[in-house]
Amino acid sequence: MHPRFYDFEATFKATTQRGSNMGTSYSSCYHSTTLSTHSLLLSHPKASAFHPSRFPNPCFKFHSTNQIPQTHLRIMSQKPSQVLGGKVEVGETQEGVSKGPMIDFHGIDEGLVEKMVYDALVWSSLHGLLVGDKSVQRSGKVPGVGMVHAPFALFPMLFPECHWKQAYELAPIFNELVDRVSLDAKFLQDSLSRTKKVDAFTSRLLDIHSKMLEINKKEDIRLGLHRSDYMLDEETKQLLQIEMNTISASFPGLGCLVSDLHRSLLNHYGESLGLDSKRVPNNPAATKFVEALAKAWSEYNNPRAVILLVVQPEERNMGSHEVAIVYFRVGYAPINYPSESEWRARLLMEQSSAIKCPSISYHLVGTKKIQQELAKPNVLERFLDDKEDIAKLRKCFAGLWSLDDSDIVKKAIESPGLFVMKPQREGGGNNIYGNDVREALTRLQKEGSEADAAYILMQRIFPTASHTFLMREGVCYKDDTISELGVYGAYLRNKDKVILNDQCGYLMRTKISSSDEGGVAAGFAVLDSLYLT
């Protein structure tokens, strides 16, 4: 027997920030969207790819929204033959971003890139590296109608193999940490007590958690599908954690497809580029997530039960079946709860015997405040016994501080570019950067309220910037970029028995270096893969 999957819009009518005003994915990652923010547009009205043979006299211009500063790498060209080999002018970059191209694209043959672009677009269509096209009215409503390739980098990003292995080694340790912290109700409630007073959304999640404590609700079977995100800091050469995602860890399906795409391209063109396809690691993220769900379904031990996916309203399937697992693709933002009925549905799910992914306690462990609390001295020792594991986790922790630390707040006001101000939110587009950090902190100080408890301060990480070719909506363009590595992890426990605790592949995202945010669905980044060095 195999588990059956159902999407229950009627059970939980949530909407999502990640998908608002965008198309719906038909890929194996459940839901993904696209939004162009900084594209190189061909002037030809029917332009769909970087292909001079189709456009005998193209001219180029950059299009950007107000979300992206006017800082970029310009490709200066008047003739097709000069597009990839012409003069390159580099604009100023944001403070702290070091420049060091990892692959020299200046000497790459134009004809070779044209062929790669064409082959990449065909491969994407044939293998499902696709998302809904927001410009097509019926996209997301009629299967097979209105699809476009997901945004991706044409070449894999060079990445040190030692740091890739380090991130993989950390995955099961973080999985265990999430589980241990989730069982410490007092730690969760105490750590978020001040946040609860000023953050209504976190307060409602804590209320559900409290109700579970009142009825002594035990989660005998606990399933976690996580993703820990990192950046490689150029100055210290350290892999530093950005955040731990315990709900709706996105892109396992599309991410693994990009790895397959890059291996396919290098199998054909690697010799000309001096790149070996074997250096692009296998990425089994989608398969391993599905296997984890299947194992959890087996532990539930009812062959007639189904797996419920909590998704967007547009994705409609209904069925009166016992639910073995509730897998949340939404539920991480206030917009997902437009009325009291959604909160009642969330409470009902939490009270049920179904396995929740995540449970309310796992959800709370993923908040920014808990991340900051775990970084304090001697806190990890409360949950983990192995000193080597504790040392490995601490090595990847970036600087994290509460806003009740007056010395750090003062430093952040003086040097806002060195910090990121984070609220208790997921989904991208919520963090505060640059001079906005100074303004927000100054305002909070003047107000003198406890509103500062809704935020934490984090050390800003500055990875090396490099030039690469990006693909979005059929157009190829070159820009100055930085990358972020996410490593998936799966954890399954039935009472005292650990059924599964392992890494589950990775997600590589590459974004324009002048952009603060990094979401793919929100239009800030493209999907990428690793080339191990």
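For clarity, every value in this text was computed on a predicted model and none was experimentally measured.

Caption draft 1: The arrangement of helix α2 (residues 161-182) in detail. The first and last C-alpha atoms of α2 sit 32 Å apart over 22 residues, in line with the 32 Å expected at 1.5 Å per residue. A bend of about 30° at A171 is the largest found in α2, and the proline P172 appears one to four places after it. Burial within α2 is extensive, with 16 of its 22 residues counted as buried.

Caption draft 2: Molecular detail of empty space enclosed by the protein. Summed over the entire model, instances satisfying the criterion amount to 10 cavities of 30 Å³ or more. In this structure, the second largest cavity spans a volume of roughly 140 Å³. Residue lining of the second largest cavity: 15 residues in total, with F174, M244, V365, Q371 and L374 positioned closest to the centre. Put simply, the parts of the chain that give the lining of the second largest cavity at least two residues each are α2, β11 (239-245) and α10 (368-374). When residues of the lining of the second largest cavity are assigned to their parent elements, the largest contribution, four residues, is made by α10. Along the lines of polarity and charge, the residues of the lining of the second largest cavity split into eight nonpolar, four polar and three charged.

Caption draft 3: Geometry of the packing of aromatic side chains. Applying the stated criterion across every chain, the model contains nine aromatic pairs. A ring pair is formed by W164 and Y168, whose centres lie 4.8 Å apart and whose planes are at 45°; its orientation type is tilted. Here W164 pairs with Y168, and both are found in helix α2, just four residues apart, close to one helical turn. By relative accessible area, W164 is classed as buried at 13%. Taking relative accessible area as the criterion, Y168 reaches 13% and is therefore assigned buried. Each ring, one from F289 and one from Y488, has its centre 5.2 Å from the other, and the planes form 75°; the classification is edge-to-face.

Caption draft 4: Representation of the environment of E342 in the model. Along the chain, E342 falls in helix α8 (residues 340-351). Spatially, the C-alpha atom of E342 lies 9.1 Å from that of G331, the residues being 11 residues apart in sequence.

Caption draft 5: Representation of the sheet that holds strand β16 (residues 419-423) within the structure. Taken in spatial order, the three strands of this open sheet run β15-β17-β16, and their pairing is antiparallel. Strands at the two margins of the open sheet, each flanked by one partner only, are β15 (400-402) and β16. When the angles between neighbouring strand axes are averaged without regard to direction, this sheet yields 30°. For β15 and strand β17 (residues 455-459), the ladder comprises three bridges, and the chain directions are antiparallel. When the sheet's bridge partners are listed, S402 is paired in β17 with I456. Contacts from helix α13 (residues 435-447) reach β16 and β17, with the element oriented near 60° to β16.

Caption draft 6: Looking closely at helix α5 (residues 200-214). Here α5 is 15 residues long and its end C-alpha atoms lie 21 Å apart, about the 21 Å a rise of 1.5 Å per residue gives. Among the structural elements, α3 (185-191), α4 (193-198), α8 and α9 (360-365) are those in contact with the buried residues of α5. At the C-terminal side of α5, N216 shows a positive phi close to 55°.

The rules behind these values
- Residues numbered from 1 in each chain as written.
- Predicted model: local features only at pLDDT ≥ 70, side-chain atom pairs only at ≥ 80, totals over all residues.
- Heavy atoms only, no water.
- Helix = DSSP H or I, 4+ residues; strand = E, 2+ residues; numbered from the N terminus.
- Expected span 1.5 Å × (residues − 1).
- Bend = angle between axes of the 7 residues up to and from the residue.
- Buried < 20%, exposed > 50% of the residue type's maximum accessible area, 1.4 Å probe, protein only.
- 1 Å grid on protein atoms, 1.4 Å probe; cavity = no way out; pocket = protein on both sides within 12 Å on 5 of 7 lines; lining within 4 Å.
- Points joined across faces, edges and corners; volume = space filled by probe spheres on them.
- Nonpolar A, V, L, I, M, F, W, Y, C, P; charged D, E, K, R; others polar.
- Phe/Tyr/Trp six-rings, centres within 6.5 Å; stacked < 30°, edge-to-face > 60°.
- Pairing = 2+ DSSP bridges.
- Axes fitted to C-alpha atoms, helices over the stretch in contact; angles between N-to-C directions.
- Contact = heavy atoms within 4.5 Å.

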